[in-house]
Amino acid sequence: MNILVVNGPNLNFLGKREPDIYGKHSYHDLVNFLLAYGELNKHFIEVYQSNSEGEIIDIIQNNYHRFDGLVINPGAYTHYSYAIYDCIKSIPLPTVETHLSDIKNREPFRAISVIEPACIGQVYGKGFNSYIEAIKLLQDKGEQK
Ligand code: DQA
C-alpha cells in the first residue's frame with residue numbers, strides 16, 4: 001500500500017517535549033521507524049509534519065492522490081480543528097487517526113476528537129506502535145475490497 005502519514009503541531013519536538021508522556025525518542029526516530037516498517041512490509045510510506053493547520057490541509061490536498069490511505073496524528077488540532085475534519089471528509093482516502101499517548105486518560109479536553117467521525121479508526125496510547133496499528137487497520141480495510 002501507499003500510505004501518507006501526517007503529523008501535526010509539536011510532534012517535531014518528540015524527545016524534548018514531556019518525555020514521561022511522549023517518550024525519549026526523537027521525531028527523526030519516529031520517521032526512521034515508520035520508513036523501516038514500510039520497507040520491511042512492502043509499503044510505500046511518506047511522512048510529513050507541520051505546526052500549522054493550513055499547511056496540514058495543503059499537505060493532504062496536494063498529495064492524497066498518490067496514496068491508498070492516510071494516517072494522521074493531528075496533535076492538539078485533534079480536539080478542535082473542524083477544518084482538518086472537513087479536509088479528511090473531502091478526500092476519498094480511508095483515514096486512521098493516531099496518537100502516541102492515551103488521550104482518553106489525560107486532561108478531559110483530550111478525550112474528545114472532532115476528527116474521529118471522519119476516520120475509519122482511531123489508535124492511541126501505544127507510542128510509535130500506534131502508527132503501526134493504524135497502518136494495519138488501513139491494510140485490513142484494503143484487503144476487504
Ligand atoms: C497527541 C495527543 C494530543 O492531545 C496532543 O495535543 C499532541 C500529541 C499524541 O500523539 O498523543 O500534541 O496527538
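In case you missed it, the structure is sitting above this.
Quick caveat, the model's predicted, so the values are computed rather than measured.

Participant: Account for the overall build of the chain, naming residues and giving values.
Facilitator: When you go through the chain residue by residue, the secondary structure sums to 5 helices and 5 strands. Its helices and strands taken in sequence order, the chain reads β-α-α-β-α-β-α-β-β-α from the N to the C terminus. Compactness check: the chain gives a C-alpha radius of gyration of 14 Å against a globular reference of 15 Å for 145 residues, within 12% of the reference. Each principal axis of the C-alpha distribution contributes one length, and for the chain these read about 40 × 35 × 25 Å. Every one of the 145 residues in the chain was classed for burial, and the buried ones make up 48%.

Participant: Quick one: what's the story with the site of the ligand, residue by residue and with numbers?
Facilitator: What surrounds the ligand is the set Pro9, Arg17, Tyr22, Asn73, Gly75, Ala76, His79, His99, Leu100, Ser101, Ile103 and Arg110. Between the ligand and histidine 99, the relevant distance is 2.8 Å, taken from an oxygen atom to a side-chain nitrogen or oxygen of the residue. Arginine 110 places a polar side-chain atom, nitrogen or oxygen, 2.8 Å from an oxygen atom of the ligand. Coverage of the ligand by the protein chains reaches 98% of its 320 Å² of free accessible surface.

Participant: I'd like a description of the pattern of salt bridges, backed by residues and values.
Facilitator: The final tally for this structure, using the stated rule, is 4 salt bridges. Glutamate 107 serves as the salt-bridge partner of arginine 106, at 3.8 Å between the closest nitrogen and oxygen. In this structure glutamate 107 comes out as partly exposed when scored by relative accessible area, which is 34%. Connected via shared salt-bridge partners are Arg106, Glu107 and Arg110.

Participant: Residues and numbers for the nonpolar core, please.
Facilitator: Counting 22 residues, the largest nonpolar core has Val5, Leu14 and Val71 as the members making the most contacts within it. Dropping the residues within four chain positions of it, valine 5 is found in contact with Leu34, Ile45, Glu46, Val47, Tyr48, Val71 and Tyr131.

What counts and how
- For every chain, the first residue of its written sequence is number 1, and the numbers climb from 1 along that sequence.
- Confidence filtering applies because this is a predicted model: local features only for residues at pLDDT of at least 70, side-chain atom pairs given and counted only at 80 or more, and all residues used for totals across whole chains, interfaces and linings.
- Note: side-chain values were computed over all heavy atoms of the structure, leaving out hydrogens and water.
- The helix count covers DSSP runs of H or I at least four residues long, the strand count covers runs of E at least two residues long, and both are numbered beginning at the N terminus.
- Within these notes, the globule rule equals 2.2 Å times the number of residues to the 0.38 power, and the radius of gyration is based on C-alpha atoms.
- Only protein chains enter the accessibility calculation, which uses a 1.4 Å probe. A residue is then buried if its area is under 20% of the maximum for its type, exposed if over 50%, and partly exposed in between.
- If even one non-hydrogen atom of a residue comes within 4 Å of a molecule or strand, that residue is called near it.
- Here a polar contact is recorded for every N or O atom pair within 3.5 Å, except that within protein the pair must consist of a potential hydrogen donor and a potential acceptor, and residues adjacent in sequence are included only if both atoms are side-chain atoms.
- All accessibility values rest on the Shrake-Rupley procedure with a 1.4 Å probe; residue burial counts only the protein chains present in the view.
- A pair is scored as a salt bridge if a Lys or Arg side-chain nitrogen falls within 4 Å of a carboxyl oxygen belonging to Asp or Glu.
- The term nonpolar core refers to a set of buried residues drawn from Ala, Val, Leu, Ile, Met, Phe, Trp, Tyr and Cys, joined through side-chain atoms within 4.5 Å.
- Here, two residues are considered to be in contact whenever any of their heavy atoms come within 4.5 Å of each other.

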